[in-house]
Amino acid sequence: MATVTLPGSAVSTRYHAIGRSTVSGMPEWQRLDSDLRHGIDIVARVMPFRTNRYVVENLIDWSRVPGDPIFQLVFPQLGMLSKTDFDDVRTLVEAAADVESIGRAVERIRRGLNPHPAGQLTHNTAKIAGRPLPGVQHKYRETVVFFPAQGQTCHAYCTYCFRWAQFVGMPGMRIEARSTADLVAYLKAHPEVTDILITGGDPMIMATRTLRRYIEPLLAPELEHVQNIRIGTKSLAYWPQRFVSDADADDCLRLFGEVAAANRHLAIMGHYTHPIELQPALAREAIRRIRDTGAQVRMQAPLIRHVNDAPEIWSELWRTGVRLGLVPYYMFIERDTGPHSYFAVPLVRAHEIFRRAAASVSGLARSAQGPTMSALPGKIRILGVVTRTELTDRQRTVAFRNGSSSAVDPREQLLVCDFVQARDASLIQTVFFAAFDPGATWLDQMRPAFGQERFSFEQAGERTAPLHAFTECLLD
Ligand SMILES: *Cc1c(COP(=O)(O)O)cnc(C)c1O
Ligand code: SF4
């Protein structure tokens, strides 16, 4: 097989997907404990499982399995299902039950895992003359998110991905656009849009000629106001060959260069979960080649228990990234879908990890914003924890305006939050307070401070509804 030779590496260039039916052919797999293999096989019947040779050979340290972070990131994990659900499937499998019975159990378990967090298909869909445009989302004034139909899968699947329902093919779970004509018409009618974000899945799964069909029309002079084209992708971590040795890699880089030549900024929003992803020479070569086209690579990822929930991991990720010319962008809070309880990190702890990571790097690496939660009203960031006595006069004024009661305990702890992005632009960069709760992992578990019934940005009655309606990929 062909190999790319870079200093210190000889890496296969042919993409080999690995899934439940093919994993047993892997020598690394055969060395694992048989109970672990059996357990993973059970979970993989419910949750999507796809990895590839590059990930297995270059990113996983097999002597550290099952604790290895990338193993946790791409292989189904035993803790992802509840004990009852796990036992239900195991019992059926071990009794050699028929495909239909297993399928019914699997379907029931998937339905119970919040496959489609509230409003995902209905909120923010762009419309032309009242006609909804599938796969075109317009939530924030400046930015339109676009989901090309051919970009709705990935080179490997992250175990925490909220797109899991789409990957296992649950009906009604796909959001996708089939043509750019609607998108272009929409953008022409919306001169306030400066950014288009192409996402998935992973758009870089598309052949360059397909990607070109989506990008070229955006470079037309009539769309001069669309100045930034972002592509959200995990390919730099999971398949850097896409930019180095794939048959259309050079053509892809030419396309990137054409974006710069058309006086637009191309931002590759690299989904980087762990610093190990920046280690292979091939991964660095891919970054170098992209940057040579004039495009910028930014880095973002969710904070995930078992994978990257330590400050040193983030500081190393940002430090190494900056050295390679990347710009840290967002640290996200993991969403409430699928195996959330296995991966969730409480908000207070997430903030502590972010703070300690930021405190140990230079200012260049502190361009990261986080930890942020993409919720219905916007991207909410946890800024820190204060006690009431620490509040400045100005903050106290905000607190009291927000409905503070007279019975004040000065030692009361508060969570300080703000909006880094919001549907209602007047909320952007505004601060609000929440009650301190070390266990809360998402906005719907947060309580407003000062005994208020709801946050000032919430409508009456909204408290009871889950507030995590979103459509965008973790990569956005
Ligand atoms: C994050 C996000 C964007 C981009 O917001 P920026 O703050 O400009 O990065 C756009 N649309 C949606 C739905 C998002 O979640
Ligand atoms: S998080 Fe992104 S890269 Fe990972 S599986 Fe989901 S869509 Fe693909």
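Small disclaimer: the values here were computed from a predicted structure and weren't measured.

1. Digging into the overall build of the chain
On a plain count of helices and strands, the chain comes out with 16 helices and 16 strands. Taking all 476 residues of the chain together, the buried fraction comes to 60%. The contacts of the chain with a sequence gap of at least 6 include a subset with a gap of at least 24, amounting to 76%. Accessible surface for the chain amounts to roughly 19,000 Å². Of this, 51% is attributable to carbon and sulfur atoms.

2. Points about the packing of aromatic side chains
Inspection of every chain in the model, using the stated rule, returns 22 aromatic pairs. Ring centres of Trp62 and Phe75 lie 5.7 Å apart, and the angle between their planes is 90°; this geometry places the pair in the edge-to-face category. Residue Trp62 is found in the loop between α3 (53-58) and α4 (69-74), and its partner Phe75 is found in the loop between α4 and α5 (83-94); the two are separated by 13 residues along the sequence. By relative accessible area, Trp62 is classed as buried at 14%. Given a relative accessible area of 0%, Phe75 falls into the buried group. One aromatic cluster in this structure is built from Trp29, Phe49, Trp62, Phe71 and Phe75. The ring of Tyr238 has Lys234 sitting right over it, with the charged end atom 4.9 Å from the ring centre.

3. Looking at the nonpolar core
Phe75, Ile196, Phe256 and Met446 are the most contacted members of the largest nonpolar core, which has 133 residues in total. Looking at which element gives the most residues to this core, the answer is helix α15 (residues 347-359), with seven residues. With residues up to four places along the chain from it excluded, the contact list for Phe75 reads Val23, Met26, Trp29, Phe49, Thr51, Val56, Ile60, Trp62 and Thr159. Within the second largest apolar cluster, ten residues are counted, among which are Val145, Phe147, Ala267 and Phe332.

4. Brief notes about the sheet that holds strand β5 (residues 125-128)
Overall, mixed pairing links the twelve strands, which are arranged β5-β6-β7-β8-β9-β10-β11-β12-β13-β14-β15-β16 in an open sheet. Only two strands of the sheet have a single partner each, and these edge strands are β5 and β16 (431-435). The mean angle between the axes of side-by-side strands here comes to 35°, regardless of whether they run parallel or antiparallel. As judged from the nine bridges shared by strand β14 (residues 378-387) and strand β15 (residues 413-422), these two strands associate in the antiparallel manner. Residue pairing in the sheet places Ile380 in a bridge with Phe419 of β15.

5. A look at the pattern of salt bridges
On inspection of all chains with the given rule, the structure shows 24 salt bridges. Residues Arg53 and Glu57 are paired through a salt bridge, measuring 2.8 Å at the closest nitrogen-oxygen approach. With a gap of four residues between them, Arg53 and Glu57 both fall in helix α3, about one helical turn apart. Via salt bridges that share partners, Arg212, Glu216, Asp251, Arg254 and Glu258 belong to a single interconnected network.

6. Topic: the side chain of Ser315
Structurally, the position occupied by Ser315 is in helix α13 (residues 311-323). Taking relative accessible area as the criterion, Ser315 reaches 5% and is therefore assigned buried. Discounting residues that sit within four places of it in the chain, Ser315 has contacts with Ala357, Ser360 and Val361.

7. Quick notes on the packing of α5 against helix α6 (residues 99-111)
Running from amino to carboxyl end, α5 crosses α6 at an angle of 170°, the nearest separation of the two axes being 10 Å. Between α5 and α6, the angle falls in the class roughly antiparallel. Packed against α5, whose contacting residues are Asp85, Asp88, Val89, Leu92 and Val93, the element α6 presents Ser101, Ile102, Ala105, Arg108 and Ile109 at the interface.

8. Some words on helix α11 (residues 249-261)
Look at α11: 19 Å from first C-alpha to last across 13 residues, which is about the 18 Å you get at 1.5 Å a residue. For α11, the complete set of buried residues consists of Ala249, Cys252, Leu253, Leu255, Phe256 and Val259. Down the axis, α11 shows its buried residues gathered within 150° of arc, on one side only. In α11, the exposed residues that point more than 90 degrees away from the buried face are Arg254 and Ala261. Lining the buried residues of α11 we find α9 (208-215), β9 (228-233), β10 (265-271) and α12 (281-292). Following α11 by one or two positions, Asn263 has its phi on the positive side, about 65°.

9. Remarks on the environment of Arg209
Take Arg209: it is sitting in helix α9. Measuring from C-alpha to C-alpha, the distance between Arg209 and Leu255 comes to 9.4 Å, with 46 residues separating the pair along the chain.

10. Some thoughts on the pairing of β9
Counting buried positions along β9 yields six of six residues, so the element is predominantly enclosed. Of the two faces of β9, both are covered, the one formed by Asn228, Arg230 and Gly232 as well as the one formed by Ile229, Ile231 and Thr233. Note that strand β8 (residues 195-198) and β9 share four bridges and pair parallel. Of the residues in β9, the one forming a bridge with Ile196 is Ile229. Both β9 and β10 contribute to a ladder of six bridges, which runs parallel. Along β10, the bridge assignment pairs Ile231 with Ile268.

11. Notes on the confidence of the model for the chain
Averaged over every residue, the pLDDT of the chain is 90; the share at 70 or more is 89%. Under a pLDDT of 50 for its full length, residues 465-476 has, in the predicted model, 70 contacts with residues more than four places off or in other chains.

12. Details of the environment of Phe49
Here Phe49 is to be found in the loop between α2 (34-43) and β4 (51-52). Judged by its relative accessible area of 10%, Phe49 falls in the buried class. On a C-alpha basis, the gap between Phe49 and Phe75 in space is 6.6 Å, while along the polypeptide they are 26 residues apart. Beyond its immediate stretch of four places on either side in the chain, Phe49 contacts Ile18, Gly19, Arg20, Val23, Ala44, Val74, Phe75, Pro76 and Tyr157.

13. Considerations on α2
Residues of α2 that are buried include every one of Leu36, Gly39, Ile40, Asp41, Ile42 and Val43, and no others. In this structure, the buried side of α2 is in contact with α1 (27-30), α4 and α5.

What counts and how
Residues numbered from 1 in each chain as written. Chains lettered and ligands numbered in written order. Predicted model: local features only at pLDDT ≥ 70, side-chain atom pairs only at ≥ 80, totals over all residues. Heavy atoms only, no water. Helix = DSSP H or I, 4+ residues; strand = E, 2+ residues; numbered from the N terminus. Buried < 20%, exposed > 50% of the residue type's maximum accessible area, 1.4 Å probe, protein only. Contact = heavy atoms within 4.5 Å. Areas by Shrake-Rupley, 256 points an atom, 1.4 Å probe, with all protein chains shown as cover. Phe/Tyr/Trp six-rings, centres within 6.5 Å; stacked < 30°, edge-to-face > 60°. Lys NZ or Arg CZ within 6 Å of the ring centre and 35° of its normal. Core = buried A, V, L, I, M, F, W, Y, C linked by side-chain atoms within 4.5 Å. Pairing = 2+ DSSP bridges. Axes fitted to C-alpha atoms, helices over the stretch in contact; angles between N-to-C directions. Salt bridge = Lys/Arg side-chain N within 4 Å of Asp/Glu carboxyl O. Parallel < 35°, antiparallel > 145°, perpendicular 65-115°, else oblique. Expected span 1.5 Å × (residues − 1). Arc of directions from axis to C-beta. pLDDT = per-residue confidence, 0-100.

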